[in-house]
Amino acid sequence: MATASPSVFLLMVNGQVESAQFPEYDDLYCKYCFVYGQDWAPTAGLEEGISQITSKSQDVRQALVWNFPIDVTFKSTNPYGWPQIVLSVYGPDVFGNDVVRGYGAVHVPFSPGRHKRTIPMFVPESTSKLQKFTSWFMGRRPEYTDPKVVAQGEGREGLG
């Protein structure tokens, strides 16, 4: 007698990080990664990536255009923990150090088809005036050691 194996479904994600609006910054690059539940597993493609550095467009929009491709396939037995994409944008500060310019996350769309998402970005801030002064003086802004925390619900009391 054959044992029944659990049925799985596949989620294919094909798209791109097209552009960003950071009017006060130039020469930025983007990193992405996926956060997903324990029943999910990547089966093909890249779970994370880093783009090229781009400069603002010369038109009125002053958009930062990456056209950064994303292509990954996941499998799961359960929709719980549906994948989210986490974006981190970095660029140089006045001292030439790479600092975070924004974090954001969004769920992969639930329905098939063509989708366009706008992801609000934020940067973490120091919690005290002393930490703010120290980070300004040292030229190092606060940033997450693991950007995946942006997509997780636990321990987010001070985020955003």
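Structure's up top.
Residues numbered from 1 in each chain as written. Predicted model: local features only at pLDDT ≥ 70, side-chain atom pairs only at ≥ 80, totals over all residues. Heavy atoms only, no water.

Draft legend 1. Region of the structure containing the packing of aromatic side chains. A complete count under the given rule lists eleven aromatic pairs for this structure. By the ring-pair criterion, three or more aromatic residues cluster together here, those being F9, Y32, F34, Y36, W40, F68, F74, W82 and F110. Sitting above the plane of the Y90 ring, K31 keeps its charged end 5.0 Å from the centroid. (Phe/Tyr/Trp six-rings, centres within 6.5 Å; stacked < 30°, edge-to-face > 60°. Lys NZ or Arg CZ within 6 Å of the ring centre and 35° of its normal.)

Draft legend 2. View of the environment of W40. Tracing the chain through its elements places W40 in the loop between β2 (29–35) and β3 (41–45). For the pair W40 and S76, spaced 36 residues apart in sequence, the C-alpha separation works out to 4.6 Å. Sequence-distant contacts of W40, defined by excluding residues within four places in its chain, comprise F9, L11, F74, K75, S76, N78, P79, Y80, G81, W82 and P83. Within polar-contact distance, the side chain of W40 engages the backbone oxygen of N78 at 3.3 Å. (Helix = DSSP H or I, 4+ residues; strand = E, 2+ residues; numbered from the N terminus. Contact = heavy atoms within 4.5 Å. Polar contact = N/O pair within 3.5 Å; in protein donor to acceptor, adjacent residues only side chain to side chain.)

Draft legend 3. A look at the sheet that holds β2. As summarised here, the arrangement of the four strands in space is β4-β2-β6-β7, forming an open sheet in which the pairing is antiparallel. The strands lining the two open edges of the sheet, one partner per strand, are β4 (48–50) and β7 (98–107). For this sheet, the mean angle separating the axes of adjacent strands, direction not counted, is 15°. Strand direction decides the pairing type here: β2 and β4, joined by three bridges, are antiparallel. (Pairing = 2+ DSSP bridges. Axes fitted to C-alpha atoms, helices over the stretch in contact; angles between N-to-C directions.)

Draft legend 4. A look at the pairing of β7. Counting buried positions over the ten residues of β7 gives seven, a clear majority of the element. Strand direction decides the pairing type here: strand β6 (residues 84–92) and β7, joined by nine bridges, are antiparallel. Paired with V89 across the bridge in β7 is G102. Where β6 folds back on β7, the antiparallel hairpin that results is connected by five residues, among which G96 adopts a positive phi of roughly 90°. (Buried < 20%, exposed > 50% of the residue type's maximum accessible area, 1.4 Å probe, protein only.)

Draft legend 5. Region of interest: the state of the cysteines. Overall, the coordinates contain zero disulfides when judged by the stated rule. C33 takes part in no disulfide bond, and the closest cysteine sulfur to it belongs to C30, at a distance of 10 Å. (Disulfide = S-S within 2.5 Å.)

Draft legend 6. Local environment of the side chain of S51. Within the element layout of this structure, S51 appears in the loop between β4 and β5 (64–76). Of note is the side chain of S51, whose polar atom sits 3.4 Å from the side chain of W66. Among residues more than four places away in sequence, those in contact with S51 are Y29, C30, W66 and F68.

Draft legend 7. How the structure looks around a nonpolar patch on the surface. On the surface, F133, W136, F137 and M138 cluster together to form a nonpolar patch covering roughly 550 Å² of accessible area. Counting through the fold element by element, F137 comes out in helix α1 (residues 129–138). (Patch = residues over 30% accessible without salt bridge, like charges linked within 9 Å, V, L, I, M, F, W, Y side chains within 5 Å. Areas by Shrake-Rupley, 256 points an atom, 1.4 Å probe, with all protein chains shown as cover. Salt bridge = Lys/Arg side-chain N within 4 Å of Asp/Glu carboxyl O.)

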